[in-house]
There are 2 protein chains.
Amino acid sequence: MISGPVAVVGGTGKLGNALARRLAKAGQAVIIGSRSVQSASQAAAQLGCGLTGLSNAEAAAKAGQFVIVTVPFTAQESTLAEIKAGATGKIVVDTTVPLMPPKVMRVQLPPEGSAAQRAQKLIGASASVVSAFHSVAADKLATDQEIDCDVLVFGDDKHARAKVVALTNLIGLRGLHGGPLANSAAAEALTSVLIFINKTYQVAGAGLRITGKLGEPNG
Amino acid sequence: MISGPVAVVGGTGKLGNALARRLAKAGQAVIIGSRSVQSASQAAAQLGCGLTGLSNAEAAAKAGQFVIVTVPFTAQESTLAEIKAGATGKIVVDTTVPLMPPKVMRVQLPPEGSAAQRAQKLIGASASVVSAFHSVAADKLATDQEIDCDVLVFGDDKHARAKVVALTNLIGLRGLHGGPLANSAAAEALTSVLIFINKTYQVAGAGLRITGKLGEPNG
């Protein structure tokens, strides 16, 4: 279904590693990218066959349609600079949540409105940014268990967004169109709320479900 | 449980009317406030006994602990000015979502970060603002049906917030502590996303559920 390998930039981190693993299990070729090629290769080897490890820049360049970026907010700018050339003409799936330690339970959106809009601004018009996977607990994603959490997917290009919704479904999650990149603020902000709820209600990985009888998407 | 009547300012609107009705059904004395005393009285009479209608300013002044504000974003500033004196020392429950027609499916948060923070700034330190009820479909709230939607409750004063969580539970909804007023951005933004989902997936009133096994709140 997906042409060429999927690059997971920052794939040695918890979320990236979990996404890479689920994609590989779904039969997808995956390239793990990291600042350190050695770390990337080690992570790829640990996950098993069908995965390779490269620098972030090379991972993006070798990717087919998708370059998934899973780095902390503080590394978003430098990472997007690394992959910009390689990601030309591709879909950049940005997972960045603007958490600003130590106040990770407090919503602090960037001046651009959302980390997703910031990503599109940083990467420029040569790649289409779609944001997703903000609220999924990485430690649950790293297992084979079913995850009681929807994935809201945002993008200004609805065709690119639909492809990321399909990618989300491929790894066993329900992906839902959430609207333009500006709307990513909702899922990004909600992540701080979920961290707050985890602490306040002593819950391991609160998630989010959209309720209502949803039909087929018309856009 | 609640001392004195609850004022629902803007109570002739859909959301306000539905909240007033549920509160009255729960045995609570309710004052409906409106810019027009006549409209307020009519709405109160239609809802039945135990309700009275007054101007917004008088409704706030006669309220016990709670003044619930249910007006469109464009009326937030003028309405808070009307109730400011009467709401002194009380909890102002702000339900404002910063929807900016015609683009109601696009997240557009105010410069203050959230409509809730804007409310606290407008009303000043003499009343404690707590925000809630952003994502609940008013037409479902207007019926006796169970609503498949959690209510995220935000406030900088956690005691005031806890009281609004209890108020939410009183009318048959699950209220959850969502953190400080800054976090209200998440629920406010999510409302635009839900409107987008309603249109995209042809669903009547998509809602939101927080998943995970929640314990008793510790804060």
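Residues numbered from 1 in each chain as written. Chains lettered and ligands numbered in written order. Predicted model: local features only at pLDDT ≥ 70, side-chain atom pairs only at ≥ 80, totals over all residues.

Colleague: Where do I start with the relation of the copies chain A and chain B in this structure?
Modeller: Two chain copies, one operation linking them: a rotation about an axis together with a shift along it. Superposition record for chain A on chain B: RMSD 0.0 Å, screw rotation 180 degrees, translation along axis 0.0 Å. Read as a symmetry element, the transformation amounts to a two-fold axis. When the interface residues of chain A are mapped onto chain B, 100% of them again fall at the interface, so both copies present the same face. (Least-squares fit on C-alpha atoms with pLDDT ≥ 70 in both. Contact = placed C-beta atoms within 7 Å.)

Colleague: I tried to follow the packing of helix α4 (residues 73-83) of chain B against helix α5 (residues 115-123) of chain B on my own but got confused; where do I start?
Modeller: Geometry of a packed helix pair, given as the angle between the helix axes and the separation of the axes. All names here are of chain B. Closest axis-to-axis distance for the α4/α5 pair is 9 Å, and the angle between their directions is 20 degrees. The orientation of α4 relative to α5 falls into the category roughly parallel. In this structure, α4 meets α5 at a crossing whose hand is right-handed. Together, Phe73, Gln76, Glu77 and Leu80 of α4 and Ala115, Arg118, Ala119, Leu122 and Ile123 of α5 make up the contact between the two elements. A class-by-class count of the residues in the contact of α4 with α5 yields six nonpolar, one polar and two charged. (Axes fitted to C-alpha atoms, helices over the stretch in contact; angles between N-to-C directions. Helix = DSSP H or I, 4+ residues; strand = E, 2+ residues; numbered from the N terminus. Parallel < 35°, antiparallel > 145°, perpendicular 65-115°, else oblique. Left-handed = near helix turned anticlockwise from the far one by under 90°. Nonpolar A, V, L, I, M, F, W, Y, C, P; charged D, E, K, R; others polar.)

Colleague: How should I be thinking about helix α1 (residues 14-25) of chain B in this particular structure?
Modeller: Every α-helix winds through 3.6 residues per turn, so residues three or four apart in the chain are directed the same way. Residues and elements named next belong to chain B. With twelve residues, α1 extends 17 Å between its outermost C-alpha atoms, agreeing within 8% with the 16 Å of an ideal straight helix rising 1.5 Å per residue. Among the twelve residues in α1, ten count as buried, and that is most of the element. Residues of α1 that are buried: Leu15, Gly16, Asn17, Ala18, Leu19, Ala20, Arg21, Arg22, Leu23 and Ala24. The elements touched by buried residues of α1 are β1 (6-9), β2 (30-34), α2 (37-47), β3 (51-55), β4 (66-69) and α6 (138-141). Trailing α1 by a residue or two, Gly27 shows a phi angle of about 90 degrees, which is positive. (Expected span 1.5 Å × (residues − 1). Buried ≥ 20, exposed ≤ 12 C-beta atoms within 10 Å, placed from the backbone.)

Colleague: What am I meant to see in helix α2 (residues 37-47) of chain A here?
Modeller: Residues and elements named next belong to chain A. What α2 keeps buried is the set Ala40, Ala43, Ala44 and Leu47. Take α2 and look down its axis: the buried residues cluster within an arc of 100 degrees, on one side only. Contacts made by the buried residues of α2 are with α1 (14-25), β2 (30-34) and β3 (51-55). Where α2 ends, the next residue or the one after it, Gly48, has phi of about 115 degrees, a positive value. (Arc of directions from axis to C-beta.)

Colleague: Is there a simple way to think about the interface of chain A and chain B in this case?
Modeller: By a frequent convention, interface size equals the accessible area lost on bringing the separate parts together. Taken together, the 40 residues of chain A in the interface contact 40 residues of chain B. Elements supplying a minimum of two residues to the side of chain A that touches chain B: β8 (175-179), α8 (184-200) and β9 (207-211) of chain A. No other element matches α8(A), which puts nine residues into the side of chain A that touches chain B. Of the residues contributing to the side of chain A that touches chain B, the split by class is 22 nonpolar, 14 polar and four charged. Summarising the sheet, β9(A) and strand β9 (residues 207-211) of chain B pair through five bridges and their orientation is antiparallel. Counterpart to Arg209(A) in the pairing with β9(B) is Arg209(B). (Pairing = 2+ DSSP bridges.)

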